[in-house]
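Okay, here's what each chain looks like letter by letter:
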Amino acid sequence: MKVITLKQPWASLVAEGIKIWEFRSWKYNYRGEILIHAGAGVDKEAMKKVELLNLEYPQKKIIAKVTIEDCLELNDDLNKEICFSNPMVYGNKNRSGFVWKLKDAKKIDIDNTISGKQGIWNYDLDE
């Protein structure tokens, strides 16, 4: 199954269904299920902003399955709309590139410690 590695707290926010927009510099044509891998990296500034949510922030684990519903090219209006929808999560940054719309987040628990990779990679759920 396809996987993407995200730093914490972003991975946990996606797993909880709080973060439904994922920003990327590249267009992605795939639509369907993808696994969310919490990598070893941590965005310390973002962690401070979301610490009151009292979530768990595992690392080096696959923690969720989501569906990529769409991939849109960012423009000023869409970026402002996303930022306004949840300023704690999306901040107030002027972004460019693309944004994936995610839905149907389901947390999963895979015990294996897994090193992440850049880009999209594959993982056999039966391992």
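Residues numbered from 1 in each chain as written. Predicted model: local features only at pLDDT ≥ 70, side-chain atom pairs only at ≥ 80, totals over all residues. Heavy atoms only, no water.

Q: Would you mind going over the overall build of the protein chain with me for this structure?
A: Per the secondary structure count, the protein chain includes 4 helices and 6 strands. Secondary structure of the protein chain in N-to-C order comes out as β-α-β-β-α-β-α-α-β-β. Since a compact globule built from 127 residues should have a radius of gyration of about 14 Å, the 14 Å found for the protein chain is in line with a globular shape. With respect to the three principal axes, the spread of C-alpha positions in the protein chain is 45 × 35 × 25 Å. In the protein chain, the share of contacts with a sequence separation of at least 24, taken over all contacts with a separation of at least 6, comes to 82%. (Helix = DSSP H or I, 4+ residues; strand = E, 2+ residues; numbered from the N terminus. Rg over C-alpha atoms; globule rule 2.2 N^0.38 Å. Contact = heavy atoms within 4.5 Å.)

Q: Sorry if this is basic, but what is going on with the side chain of H37 here?
A: Its location among the elements puts H37 in strand β3 (residues 32-42). Under the relative-accessibility criterion, H37 is labelled buried at 0%. Beyond its immediate sequence surroundings of up to four residues, H37 is in contact with V3, I4, T5, L6, A11, K60, K61, I62, I114, S115, G116 and W121. (Buried < 20%, exposed > 50% of the residue type's maximum accessible area, 1.4 Å probe, protein only.)

Q: I'm lost on the pattern of salt bridges in this one. Help?
A: In total, this model carries 6 salt bridges according to the counting rule given. Among the salt bridges present, the one from D70 reaches R31, with a minimum N-O distance of 3.5 Å. Here R31 lies in the loop between β2 (21-24) and β3 and D70 lies in strand β4 (residues 61-73), a separation of 39 residues in the sequence. The exposure class of R31 is partly exposed, given its relative accessible area of 35%. Ionic contacts of the salt-bridge type, sharing partners, join the residues K19, E22 and R24 into one network. (Salt bridge = Lys/Arg side-chain N within 4 Å of Asp/Glu carboxyl O.)

Q: Would you take a moment to explain the sheet that holds strand β6 (residues 120-122) for this structure?
A: Hydrogen bonds along the backbone pair up the strands of a sheet, which may run parallel or antiparallel. Sheet architecture is open: 6 strands sit in the order β2-β5-β4-β3-β1-β6, paired in mixed fashion. Two strands close off the open sheet at either side, each with one partner strand: β2 and β6. Averaged over neighbouring strand pairs, the angle between their axes works out to 45° when direction is ignored. On the sheet, helix α3 (residues 76-85) packs against β2, β4 and β5 (98-107) and is oriented at approximately 135° with respect to β2. (Pairing = 2+ DSSP bridges. Axes fitted to C-alpha atoms, helices over the stretch in contact; angles between N-to-C directions.)

Q: I'm lost on the layout of surface pockets in this one. Help?
A: Empty space among the atoms can be located by rolling a probe the size of a water molecule over them. Considered as a void within the structure, the largest pocket measures approximately 530 Å³ in volume. In terms of lining residues, the largest pocket is bounded by 26 residues, among which K7, W10, K19, D43 and A46 are the most central. Every element with two or more residues in the lining of the largest pocket is listed here: β1 (2-8), β2, β3, α2 (44-50) and α4 (87-90). Here the lining of the largest pocket is built from residues that sort into 9 nonpolar, 7 polar and 10 charged. In this structure, the second largest pocket encloses a volume near 230 Å³. Around the second largest pocket, the lining is made up of 13 residues, and of these E56, P58, I63, K107 and I108 lie nearest the centre. (1 Å grid on protein atoms, 1.4 Å probe; cavity = no way out; pocket = protein on both sides within 12 Å on 5 of 7 lines; lining within 4 Å. Points joined across faces, edges and corners; volume = space filled by probe spheres on them. Nonpolar A, V, L, I, M, F, W, Y, C, P; charged D, E, K, R; others polar.)

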